[in-house]
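Chain and residue survey
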Amino acid sequence: MEMLHDPEFWVAVGFVMVIALLLWKGVPGMVGKMLDQRAAVIAAELEEARRLRTEAAALLADYQKRAAGAEAEARSIVAAATAEAAQFQKDSRAALEAQIARRAAAAQDKIAQAEAAALNEIRGLAADTAVNAAQKLIAARLDEARAKDLITDSIKGLSDKLN
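About the criteria used
- Residues numbered from 1 in each chain as written.
- Predicted model: local features only at pLDDT ≥ 70, side-chain atom pairs only at ≥ 80, totals over all residues.
- Heavy atoms only, no water.
- Helix = DSSP H or I, 4+ residues; strand = E, 2+ residues; numbered from the N terminus.
- Rg over C-alpha atoms; globule rule 2.2 N^0.38 Å.
- Areas by Shrake-Rupley, 256 points an atom, 1.4 Å probe, with all protein chains shown as cover.
- Lys, Arg positive; Asp, Glu negative; His and termini not counted.
- Charge placed at Lys NZ, Arg CZ, Asp CG, Glu CD.
- Phe/Tyr/Trp six-rings, centres within 6.5 Å; stacked < 30°, edge-to-face > 60°.
- Buried < 20%, exposed > 50% of the residue type's maximum accessible area, 1.4 Å probe, protein only.
- Axes fitted to C-alpha atoms, helices over the stretch in contact; angles between N-to-C directions.
- Parallel < 35°, antiparallel > 145°, perpendicular 65-115°, else oblique.
- Contact = heavy atoms within 4.5 Å.
- Nonpolar A, V, L, I, M, F, W, Y, C, P; charged D, E, K, R; others polar.
- Expected span 1.5 Å × (residues − 1).
- Patch = residues over 30% accessible without salt bridge, like charges linked within 9 Å, V, L, I, M, F, W, Y side chains within 5 Å.
- Salt bridge = Lys/Arg side-chain N within 4 Å of Asp/Glu carboxyl O.
- pLDDT = per-residue confidence, 0-100.
- Bend = angle between axes of the 7 residues up to and from the residue.

1. Let's talk about the overall build of the chain
The secondary structure content of the chain amounts to 3 helices and 0 strands. Expected size for 163 residues packed as a compact globule is a radius of gyration near 15 Å; at 44 Å, the chain overshoots this value by more than 25%. With the C-alpha coordinates of the chain rotated into their principal frame, the extents come out at 105 × 85 × 30 Å. For the chain, the computed accessible surface area is about 14,600 Å², with 65% contributed by carbon and sulfur atoms. Averaging the coordinates of the 21 positive side-chain charges in the chain and doing the same for the 23 negative ones gives two points 7 Å apart.

Have a look at this one:
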């Protein structure tokens, strides 16, 4: 009877009851079925991955063929472009120099405009910074009593300004 007062005995009895209940409800079978279903899903995913890999290999081979053809075509285009560029250089050297001079003048105008805009922006930022600094300075030096005095003075002077 001493065994009935032993907590380890009751833990063992509870554990045996839980195991018996799990077996009676068929939990191991359900777990096995769930594992089988998961294995089937994984097998299907592996098969899909193999199929996709095969398709990818076929696409890679096709793209490699196309790349080889494109490379040969690119070489011929480069050769033609080189010949055309040499001819263009001979034909348009004077026109190019005039265009460069016009673009240099336009660039100088744009630089001057950009400098003026930057100066205006710097002036604006300086004004904003000065306003912010003044606000901070006023807020730091203006206590509640001083603020009330300023408001009272402003209200008294308001009637004179409205007339």
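2. Quick notes on the packing of aromatic side chains
Applying the stated criterion across every chain, the model contains 1 aromatic pair. Pairing Phe9 with Trp10 gives two aromatic rings, centres 5.3 Å apart and planes at 75°, and the pair type is edge-to-face. Note on Phe9: relative accessible area 25%, which makes it partly exposed.

3. Looking at the packing of helix 1 (residues 7-25) against helix 2 (residues 27-141)
For the pair helix 1 and helix 2, the least separation of the axes is 5 Å and the interaxial angle reads 60°. Taken together, helix 1 and helix 2 sit at an angle that is classed as oblique. For the pair helix 1 and helix 2, the contacting residues are Leu22, Leu23 and Lys25 in the first and Val27, Pro28 and Met30 in the second. Class assignment for the residues of the contact of helix 1 with helix 2 results in 5 nonpolar, no polar and 1 charged.

4. As for the environment of Arg66
Relative to the elements of secondary structure, Arg66 occurs in helix 2. Each C-alpha atom of the pair Arg66 and Ala95 lies 40 Å from the other, and the pair is 29 residues apart in sequence.

5. Comments concerning helix 1
If you check helix 1, its first and last C-alpha atoms are 27 Å apart, about what 19 residues at 1.5 Å a residue would give, namely 27 Å. Downstream of helix 1 by one or two residues, Gly26 has phi in the positive range, about 80°.

6. Examining a nonpolar patch on the surface
Taken together, Phe15, Val16, Val18, Ile19, Leu22 and Leu23 make up a surface patch of nonpolar side chains, about 560 Å² in accessible area. As for its position among the elements, Val16 is in helix 1. Taking the relative accessible area as the measure of exposure, Val16 reaches 53% and is therefore exposed.

7. Some thoughts on the pattern of salt bridges
Scanning the model with the defined rule gives 5 salt bridges in all. Taking the shortest distance from any N to any O, the salt bridge between Arg50 and Glu47 comes out at 3.5 Å. Residue Arg50 and its partner Glu47 are both found in helix 2; the two are separated by 3 residues, about one turn of the helix. Given the relative accessible area of 49%, Arg50 is considered partly exposed.

8. Quick notes on the confidence of the model for the chain
Summary statistics for the chain give a mean pLDDT of 87 and a share of 99% for residues scoring 70 or more. The secondary structure element of the chain with the lowest average pLDDT is helix 3 (residues 144-162), at 78, and the one with the highest is helix 2, at 89.

9. Brief notes about the environment of Ala114
Structurally, Ala114 can be placed in helix 2. You can call Ala114 partly exposed: its relative accessible area is 47%. Placed 71 residues apart in sequence, Ala114 and Ala43 show a C-alpha to C-alpha distance of 66 Å.

10. A closer look at helix 2
Look at helix 2: only 78 Å from first C-alpha to last across 115 residues, short of the 171 Å you get at 1.5 Å a residue. Bending of helix 2 peaks at approximately 70° at the position of Ser92.

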